[in-house]
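Working through the structure, step by step
Residues per chain, in single letters:
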Amino acid sequence: MKRILSGMQPTGSAHLGNYLGAIRNWVDMQDEYECFYSVVDLHALTTRPSAEKLRSNVLELTIALLASGVDPERSVLFVQSAVKEHAELAWILSCHTVLGDLNRMTQFKEKTEDDPGVANAGLYTYPILQAADIMVYRATHVPVGEDQNQHLELTREVARRFRHHYGELFPEPAAVNSPTPRVLGVDGQTKMSKSKGNHIGLLEEADEVMAKLRGAVTDPQRLRRTDPGCPEVCNLWSLHGSFTPDEQQKEIHEGCTTATIGCVDCKKMLCDNIIAHTEPIRERARALRADPDGVMDVLRQGNEKARAEASATMALVRERVGIWDV
Ligand code: AQP
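1. Observations regarding the packing of helix α11 (residues 235-243) against helix α13 (residues 263-289)
Their axes nearest at 10 Å, the elements α11 and α13 cross at an angle of 35°. Between α11 and α13 the crossing geometry is left-handed. Here L236, L239, H240 and F243 of α11 lie close against α13, whose contacting residues are C266, K267, M269, L270, N273, I274 and H277. For the contact of α11 with α13, a count of residues per class yields 7 nonpolar, 3 polar and 1 charged.

In structure tokens form, the structure reads like this:
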């Protein structure tokens, strides 16, 4: 069977970019693939969170994933750090990774250009750990948003180098493109991100969503309420595409281009539609939050299944590379 591996960092609460770009797709892929989904807390350590914050983020992200429809009966949902083989394989793969390849990674450049202080070695070698995340389950497919394509290409390169040296063991994972590869933040400029403060949380209530939308950038040419707008250049129009029924989209397009509705009306409609769409998810999240032990049990079971798979791969890897297993 085709096997998927995908991960999400517990660096904050899941946002609409995570949901549209990844989580929705994760839920759908459960019908077609054997899925391993990971809360990748070792990756989140690159941001140096406090222990307390990291633990609560892991729990909260797990809740968001379960509430959105990741089904532990059909998928393996686990925490990366619970499976020590990820870190072990990452070391071995780092010995087969060329520095020039790491130096090309645009995500590292983007994350560090504004604030060089965040550039630690963990962030630099992050794509190697990501390669290990994928390869330790011998995944055949990886869902990718726009930001992850380059990292997956590096994984494929590392798999080829390993094969060249030690023979066939790992598949070269193929990309499954996200239907929504890049959701912009409310700044209308950059990718919606937990760390940039430009996000709308998946589990946020109506007043929080509206507060974010109120400050959201729309068509920059539409300076007055009476100016006709151009939806195609408005970031919020693309969010309507994901949350607003077709009929209402037509009305909004017409109203914006003829200046019969203003940006505030348009934002209110978007807020209502986001909230209507996410309410069942929020409701399930409330129930899960009331039972943290139950959520931890789901993770425990997932961790166990993931460990079994990863340790089988690592037994083969150790043999190939010549590490004594005594
Ligand atoms: N804005 C986005 N549009 C589309 N897809 C997105 N993803 C994230 N943001 C967007 C997809 O979500 C998955 C998990 O991402 P992640 O949390 O592991 O890392 P990230 O991409 O670095 O997310 P953030 O929010 O930007 O985190 P921070 O701010 O901590 O770095 C991935 O599949 C990603 O494509």
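2. Brief notes about helix α1 (residues 16-29)
An ideal rise of 1.5 Å per residue puts 20 Å on 14 residues; α1 measures up with 18 Å between its terminal C-alpha atoms. At A22, α1 is bent by approximately 35°, the largest bend along its length. Summarising burial for α1: 12 of the 14 residues are buried, a large majority. Among all positions in α1, only L16, G17, N18, Y19, L20, G21, A22, I23, N25, W26, V27 and M29 are buried.

3. Considerations on the nonpolar core
In terms of nonpolar packing, the biggest core is built from 53 residues, with W26, M29, Y37, L65 and L202 touching the most fellow members. Per-element tally for this core: the top contributor is α1, with 8 residues. When residues of this core are assigned to domains, at least three fall in each of domain 1 (3-184 + 292-321) and domain 2 (206-285). For L65, the residues in contact, after removing those within four places along its chain, are M8, I23, W26, V39, V70 and L77. Counting 36 residues, the second largest nonpolar core, distinct from the first, contains L5, I92, L102 and Y126.

4. Quick word on the site of the ligand
In the vicinity of the ligand lie 22 residues, with H15, K111, S193, K194 and S195 positioned nearest. Residue K111 places a side-chain N or O atom 2.6 Å away from an oxygen atom belonging to the ligand. Relative to its unbound accessible area of 650 Å², the ligand is 96% covered by the protein chains. Of all the secondary structure elements, the ones that give two or more residues to the shell around the ligand are β1 (3-8) and α1.

5. Notes on helix α3 (residues 51-68)
Given 3.6 residues to a turn, an α-helix orients residues that are three or four positions apart in the same direction. Across its 18 residues, α3 extends 26 Å between first and last C-alpha, which sits within 8% of the 26 Å expected from 1.5 Å per residue. A positive phi of about 120° marks G69, the residue just after α3.

6. Quick look at the domain arrangement of the protein
Examined at the domain level, the protein breaks down into domain 1 (3-184 + 292-321) and domain 2 (206-285). One C-alpha centre belongs to domain 1, the other to domain 2; they are set 33 Å apart. Listed per partner, the contact involves 8 residues of domain 1 and 9 residues of domain 2. Of the roughly 810 Å² buried between domain 1 and domain 2, counting both surfaces, carbon and sulfur atoms make up 68%. At the boundary of domain 1 and domain 2, one finds 0 salt bridges. Taken together, the connections running from domain 1 to domain 2 amount to 2 residue pairs in polar contact (both at pLDDT 80 or more). Contributing elements (two or more residues each) for the side of domain 1 that touches domain 2: α1 and α3. Among the residues making up the side of domain 1 that touches domain 2, the classes are represented as 7 nonpolar, 1 polar and no charged.

Rules behind the numbers
Residues numbered from 1 in each chain as written. Predicted model: local features only at pLDDT ≥ 70, side-chain atom pairs only at ≥ 80, totals over all residues. Heavy atoms only, no water. Axes fitted to C-alpha atoms, helices over the stretch in contact; angles between N-to-C directions. Helix = DSSP H or I, 4+ residues; strand = E, 2+ residues; numbered from the N terminus. Left-handed = near helix turned anticlockwise from the far one by under 90°. Contact = heavy atoms within 4.5 Å. Nonpolar A, V, L, I, M, F, W, Y, C, P; charged D, E, K, R; others polar. Expected span 1.5 Å × (residues − 1). Bend = angle between axes of the 7 residues up to and from the residue. Buried < 20%, exposed > 50% of the residue type's maximum accessible area, 1.4 Å probe, protein only. Core = buried A, V, L, I, M, F, W, Y, C linked by side-chain atoms within 4.5 Å. Domains from an automatic or database assignment. Near = heavy atom within 4 Å. Polar contact = N/O pair within 3.5 Å; in protein donor to acceptor, adjacent residues only side chain to side chain. Areas by Shrake-Rupley, 256 points an atom, 1.4 Å probe, with all protein chains shown as cover. Buried area = accessible area lost by both parts, 1.4 Å probe. Salt bridge = Lys/Arg side-chain N within 4 Å of Asp/Glu carboxyl O.

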